[in-house]
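# Residue-level structural notes
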Amino acid sequence: MSETITIRGFVATEITSSTTPGGVATASFRLGSTTRRFDRESKTWGDGHTNWFTVQGYRNLAGTLGCSIRKGQPVIVVGKLKIRTWEKEGRVYHSTIIDAEAVGHDLAFGSANFIRTASRPALSLVEQPQSPEDGPVVDPDLDEPEDREDGHPEEHGVAAVVIEDNDGGLASLDLETGELSEV
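Anyway, here's the lowdown on the structure attached to this text. (Residues numbered from 1 in each chain as written. Predicted model: local features only at pLDDT ≥ 70, side-chain atom pairs only at ≥ 80, totals over all residues. Heavy atoms only, no water.)

### Here we look at the pairing of strand β3 (residues 25-39)
Where strand β2 (residues 16-19) lies against β3, four bridges are found, and the strand directions are antiparallel. From the neighbouring strand, T19 faces β3, where its bridge partner is A25. What sits between β2 and β3 in their antiparallel hairpin is a turn of five residues, with G23 showing a positive phi close to 90°. Pairing between β3 and strand β4 (residues 44-58): 13 bridges, direction antiparallel. Directly across from F29, in β4, lies its bridge partner V55. Hairpin connection of β3 to β4: four residues between the antiparallel strands, including K43 at a positive phi of 55°. (Pairing = 2+ DSSP bridges. Helix = DSSP H or I, 4+ residues; strand = E, 2+ residues; numbered from the N terminus.)

If you want it as structure tokens, here you go:
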């Protein structure tokens, strides 16, 4: 059995990380998913049955799981459900494993702050080389705006701060507003 499922639950164990013999990073944790039911007679919510899963992540997901997820936190997991069965000493055992494609905090219970990661830094600051056709060169002795004659430093060819993404594309970064624009 191998189906894609989405499960909400709470992280029940610390994240354990390892590497396969082939060098692939892995991380796993146990997830408890408990149903909640409203009892109309007592007008209270109560916990139902808890299903337990082992969640496994590979490669980049494995690296970010260890940095992002902690025991006790509410999460949502999307992945392939695998039920493994084996026999030992005449008893049949079962385990439910989710090969995770995505794991994230359940924002119904709190807030989170997303930070993009990649195999190399997603964003890196690089200086854009200045060429004669870019405009006039800035006099290094006039490093303060009030030292310039007209008070508009952007018109004097100040070297722009440029962001390089994973694909090698460049975008200009406005340091005041944080907005990106094509280079």
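### Some details on the pattern of salt bridges
Tallied over the full model, the rule gives three salt bridges. One salt bridge connects D106 with R8, and the closest N-O pair in it is separated by 2.7 Å. With D106 in the loop between β6 (91-105) and β7 (124-127) and R8 in strand β1 (residues 2-11), the pair connects residues that are 98 residues apart, well separated along the chain. Take D106: its relative accessible area is 7%, and that puts it in the buried class. Notably, a salt bridge pairs D47 with R36, separated by 2.7 Å at the nearest N-O pair. Of this pair, D47 sits in strand β4 while R36 sits in strand β3, and the two are 11 residues apart along the sequence. (Salt bridge = Lys/Arg side-chain N within 4 Å of Asp/Glu carboxyl O. Buried < 20%, exposed > 50% of the residue type's maximum accessible area, 1.4 Å probe, protein only.)

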